[in-house]
Amino acid sequence: MGFLDSFGALVSSVIASLVLLVFAILSFFITVFIVQVGASLAGYSPSGDFIVLSAAILATGAIVAGATPLSGLSGITE
């Protein structure tokens, strides 16, 4: 049963990767909306490429920050 167990782990990894990809794309679209609304509330009208660039930087930062463990900042060693 070792082969079936490793195949199940592979399938679950692929499914988890696809779900995380869908959430990353969804968070990017939400960030684009937030940046566009925030810019219009501030009285700016940037072009679409600047909105997408700023949303991509914000979404990437959020994804990297969510994946980074914070145990190194606490100073507690195990």
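Details of the structure are given in the entry above.
For the structure given in this document, a descriptive report is provided here. (Residues numbered from 1 in each chain as written. Predicted model: local features only at pLDDT ≥ 70, side-chain atom pairs only at ≥ 80, totals over all residues. Heavy atoms only, no water.)

Things to note about the packing of aromatic side chains
For step 1, the next point in the chain: One pass over the full model with this rule turns up 1 aromatic pair.
For step 2, the next point in the chain: When the centroid spacing of 6.0 Å and the interplanar angle of 50° are considered together, the rings of phenylalanine 28 and phenylalanine 29 count as tilted.
For step 3, the next point in the chain: For phenylalanine 29, a relative accessible area of 55% translates into the label exposed. (Phe/Tyr/Trp six-rings, centres within 6.5 Å; stacked < 30°, edge-to-face > 60°. Buried < 20%, exposed > 50% of the residue type's maximum accessible area, 1.4 Å probe, protein only.)

Regarding the side chain of threonine 31
For step 1, the next point in the chain: With respect to the helices and strands, threonine 31 occurs in helix α1 (residues 2–41).
For step 2, the next point in the chain: A relative accessible area of 15% means that threonine 31 is categorised as buried.
For step 3, the next point in the chain: The residues contacting threonine 31, other than those within four sequence positions of it, are Ala55, Leu58 and Ala59. (Helix = DSSP H or I, 4+ residues; strand = E, 2+ residues; numbered from the N terminus. Contact = heavy atoms within 4.5 Å.)

Details of helix α2 (residues 48–67)
For step 1, the next point in the chain: With 20 residues, α2 extends 28 Å between its outermost C-alpha atoms, agreeing within 8% with the 28 Å of an ideal straight helix rising 1.5 Å per residue.
For step 2, the next point in the chain: For α2, the complete set of buried residues consists of Ile51, Ala55 and Ala59. The buried residues of α2 occupy an angular sector of 55° when the element is viewed end-on, so they sit on one face. In α2, the exposed positions angled more than 90 degrees off the buried face are occupied by Asp49, Phe50, Ile57, Ala65 and Ala67. (Expected span 1.5 Å × (residues − 1). Arc of directions from axis to C-beta.)

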